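Each chain, letter by letter, is given below.
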Amino acid sequence: MGAELDAKYHGVAMRRLSGEPDENNCFPNLKTLRNYVERTGQSPSKFRFDVQVGSKATDRTHSKRSTEEDLLTEFEVRLGYEEEAFAADLRGTEHPVGHGMNGKKQKPEPPFD
(Lines give C-alpha, C1' and ligand atoms only; values in the text may rest on other atoms or scores of the structure.)
Protein backbone atom coordinates (compact mmCIF):
# COMPACT_ATOMS: atom_id res chain seq x y z
CA MET A 1 0.00 0.00 0.00
CA GLY A 2 1.24 3.48 -0.71
CA ALA A 3 0.13 7.07 -1.14
CA GLU A 4 1.44 9.90 -3.29
CA LEU A 5 0.21 13.47 -3.49
CA ASP A 6 2.24 14.50 -6.54
CA ALA A 7 0.64 13.30 -9.79
CA LYS A 8 4.04 13.04 -11.51
CA TYR A 9 5.44 10.65 -8.89
CA HIS A 10 2.17 8.73 -8.78
CA GLY A 11 2.53 8.18 -12.53
CA VAL A 12 6.09 6.91 -12.07
CA ALA A 13 4.92 4.50 -9.36
CA MET A 14 2.10 3.21 -11.56
CA ARG A 15 4.54 2.66 -14.45
CA ARG A 16 6.88 0.78 -12.11
CA LEU A 17 4.02 -1.42 -10.88
CA SER A 18 2.76 -2.18 -14.40
CA GLY A 19 6.19 -3.52 -15.40
CA GLU A 20 5.53 -2.54 -19.01
CA PRO A 21 7.28 0.04 -21.25
CA ASP A 22 5.48 3.27 -22.11
CA GLU A 23 4.66 4.42 -25.64
CA ASN A 24 8.33 5.41 -26.14
CA ASN A 25 9.68 1.99 -25.02
CA CYS A 26 10.86 3.65 -21.82
CA PHE A 27 10.74 2.35 -18.23
CA PRO A 28 10.78 4.34 -14.98
CA ASN A 29 13.99 2.62 -13.83
CA LEU A 30 16.58 0.04 -14.84
CA LYS A 31 15.26 -2.60 -12.44
CA THR A 32 11.80 -2.55 -14.06
CA LEU A 33 13.40 -2.71 -17.53
CA ARG A 34 15.56 -5.69 -16.56
CA ASN A 35 12.59 -7.52 -15.02
CA TYR A 36 10.64 -6.97 -18.23
CA VAL A 37 13.36 -8.26 -20.58
CA GLU A 38 13.94 -11.31 -18.37
CA ARG A 39 10.20 -12.04 -18.48
CA THR A 40 9.80 -11.47 -22.23
CA GLY A 41 13.21 -12.53 -23.58
CA GLN A 42 13.61 -9.26 -25.50
CA SER A 43 16.91 -7.43 -25.84
CA PRO A 44 17.47 -4.71 -23.22
CA SER A 45 19.20 -2.52 -25.82
CA LYS A 46 15.84 -1.91 -27.50
CA PHE A 47 14.55 -0.03 -24.42
CA ARG A 48 15.53 2.96 -22.30
CA PHE A 49 14.75 4.10 -18.79
CA ASP A 50 13.96 7.56 -17.46
CA VAL A 51 17.34 8.45 -15.95
CA GLN A 52 19.89 6.73 -18.13
CA VAL A 53 23.61 7.42 -18.04
CA GLY A 54 24.91 4.92 -20.56
CA SER A 55 24.06 4.81 -24.25
CA LYS A 56 21.94 1.66 -23.88
CA ALA A 57 20.42 -0.48 -21.17
CA THR A 58 22.09 -3.75 -20.17
CA ASP A 59 20.99 -6.98 -18.55
CA ARG A 60 21.69 -7.88 -14.91
CA THR A 61 25.10 -9.39 -15.69
CA HIS A 62 26.39 -5.81 -15.99
CA SER A 63 24.83 -4.57 -12.75
CA LYS A 64 26.92 -3.38 -9.84
CA ARG A 65 26.57 -5.61 -6.80
CA SER A 66 27.36 -4.19 -3.38
CA THR A 67 28.26 -6.39 -0.45
CA GLU A 68 26.39 -6.13 2.83
CA GLU A 69 29.55 -4.65 4.35
CA ASP A 70 29.68 -1.93 1.65
CA LEU A 71 26.03 -1.09 2.21
CA LEU A 72 26.52 -0.95 5.98
CA THR A 73 29.52 1.37 5.61
CA GLU A 74 27.57 3.64 3.24
CA PHE A 75 24.64 3.65 5.67
CA GLU A 76 26.88 4.55 8.62
CA VAL A 77 28.47 7.42 6.65
CA ARG A 78 25.02 8.68 5.70
CA LEU A 79 23.79 8.49 9.31
CA GLY A 80 26.88 10.39 10.48
CA TYR A 81 26.17 13.13 7.95
CA GLU A 82 22.50 13.29 8.94
CA GLU A 83 23.48 13.58 12.61
CA GLU A 84 25.86 16.45 11.83
CA ALA A 85 23.24 18.20 9.69
CA PHE A 86 20.62 17.87 12.45
CA ALA A 87 23.06 19.26 15.01
CA ALA A 88 23.80 22.19 12.66
CA ASP A 89 20.07 22.89 12.46
CA LEU A 90 19.86 22.95 16.26
CA ARG A 91 22.85 25.31 16.48
CA GLY A 92 21.60 27.48 13.63
CA THR A 93 24.75 26.92 11.56
CA GLU A 94 25.30 25.74 7.99
CA HIS A 95 25.03 22.07 7.17
CA PRO A 96 28.31 20.20 6.69
CA VAL A 97 29.33 19.43 3.13
CA GLY A 98 29.01 15.69 2.54
CA HIS A 99 30.25 14.14 -0.70
CA GLY A 100 27.12 13.54 -2.76
CA MET A 101 24.83 13.93 0.24
CA ASN A 102 23.61 17.48 -0.12
CA GLY A 103 23.92 18.10 -3.82
CA LYS A 104 27.27 19.90 -3.63
CA LYS A 105 29.42 16.94 -4.76
CA GLN A 106 32.36 18.07 -2.67
CA LYS A 107 34.49 15.95 -0.42
CA PRO A 108 33.96 16.66 3.27
CA GLU A 109 36.68 18.62 5.00
CA PRO A 110 38.70 16.75 7.62
CA PRO A 111 37.61 17.39 11.19
CA PHE A 112 39.46 20.09 13.11
CA ASP A 113 41.13 19.29 16.42
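Up top is the structure these notes are about.
Here's what I pulled together on the structure shown here. (Residues numbered from 1 in each chain as written. Predicted model: local features only at pLDDT ≥ 70, side-chain atom pairs only at ≥ 80, totals over all residues. Heavy atoms only, no water.)

1. Concerning the overall build of the protein chain
Okay, so step 1: Across its full length, the protein chain holds 3 helices and 2 strands.
Okay, so step 2: Each helix and strand of the protein chain, placed in order from N terminus to C terminus, yields the pattern α-β-α-β-α.
Okay, so step 3: Sorting the 113 residues of the protein chain into buried and exposed places 18% on the buried side.
Okay, so step 4: Taking contacts inside the protein chain between residues at least 6 apart in sequence as the whole, the part at least 24 apart equals 16%.
Okay, so step 5: Surface summary for the protein chain: the accessible area is close to 9300 Å², and the carbon and sulfur share equals 54%. (Helix = DSSP H or I, 4+ residues; strand = E, 2+ residues; numbered from the N terminus. Buried < 20%, exposed > 50% of the residue type's maximum accessible area, 1.4 Å probe, protein only. Contact = heavy atoms within 4.5 Å. Areas by Shrake-Rupley, 256 points an atom, 1.4 Å probe, with all protein chains shown as cover.)

2. A short note on the pattern of salt bridges
Okay, so step 1: Within this structure, the stated rule accounts for 3 salt bridges.
Okay, so step 2: A salt bridge links Arg39 to Glu20; its shortest N-O distance comes to 2.9 Å. Note that Arg39 is positioned in helix α2 (residues 30–40) and Glu20 in the loop between α1 (7–18) and β1 (26–27), a separation of 19 residues in sequence. (Salt bridge = Lys/Arg side-chain N within 4 Å of Asp/Glu carboxyl O.)

3. Considering unusual backbone geometry
Okay, so step 1: In this structure, Asn25 takes a positive phi of about 60 degrees despite not being glycine.
Okay, so step 2: Take Asn25: its relative accessible area is 31%, and that puts it in the partly exposed class.

4. Some words on α1
Helical geometry note: an α-helix holds 3.6 residues per turn, so side chains three or four residues apart project in the same direction.
Okay, so step 1: Compared with the 16 Å implied by 1.5 Å per residue over 12 residues, the 16 Å span of α1 between its first and last C-alpha is a close match.
Okay, so step 2: The backbone nitrogen of Lys8 lies 2.8 Å from a side-chain oxygen of the residue at the head of α1, namely Asp6.
Okay, so step 3: Just past α1, the residue Gly19 takes up positive phi, approximately 70 degrees. (Expected span 1.5 Å × (residues − 1). Polar contact = N/O pair within 3.5 Å; in protein donor to acceptor, adjacent residues only side chain to side chain.)

5. Looking at α2
Okay, so step 1: Along α2, the residues classified as buried are Thr32, Leu33, Arg34, Tyr36 and Val37.
Okay, so step 2: On its buried face, α2 sits against α1, β1 and β2 (48–49).
Okay, so step 3: Count one or two residues on from α2 and you reach Gly41, which has phi positive near 80 degrees.

6. Notes on the packing of aromatic side chains
Okay, so step 1: All chains considered together, the criterion is met by 3 aromatic pairs.
Okay, so step 2: For the pair Phe27 and Tyr36, a centre-to-centre distance of 5.2 Å together with 50 degrees between the ring planes defines the contact as tilted. This pair shows no difference in class: Phe27 is buried, exactly as Tyr36 is.
Okay, so step 3: Look at Phe27 and Phe47: their rings are 5.5 Å apart centre to centre, the planes differ by 75 degrees, and that puts the pair in the edge-to-face class. Residue Phe27 is found in strand β1, and its partner Phe47 is found in the loop between α2 and β2; the two are separated by 20 residues along the sequence. (Phe/Tyr/Trp six-rings, centres within 6.5 Å; stacked < 30°, edge-to-face > 60°.)

7. Some words on the nonpolar core
Okay, so step 1: Residues Phe27, Leu33, Tyr36, Val37, Phe47, Phe49 and Ala57 constitute the largest nonpolar core, which totals 7 residues.
Okay, so step 2: Looking at this core, the element that brings in the most residues is α2, giving 3 residues.
Okay, so step 3: The contacts of Val37, once residues within four sequence positions are left out, are Gln42, Ser43, Pro44 and Phe47. (Core = buried A, V, L, I, M, F, W, Y, C linked by side-chain atoms within 4.5 Å.)

Interpretation in functional terms is not warranted from these geometric data alone.
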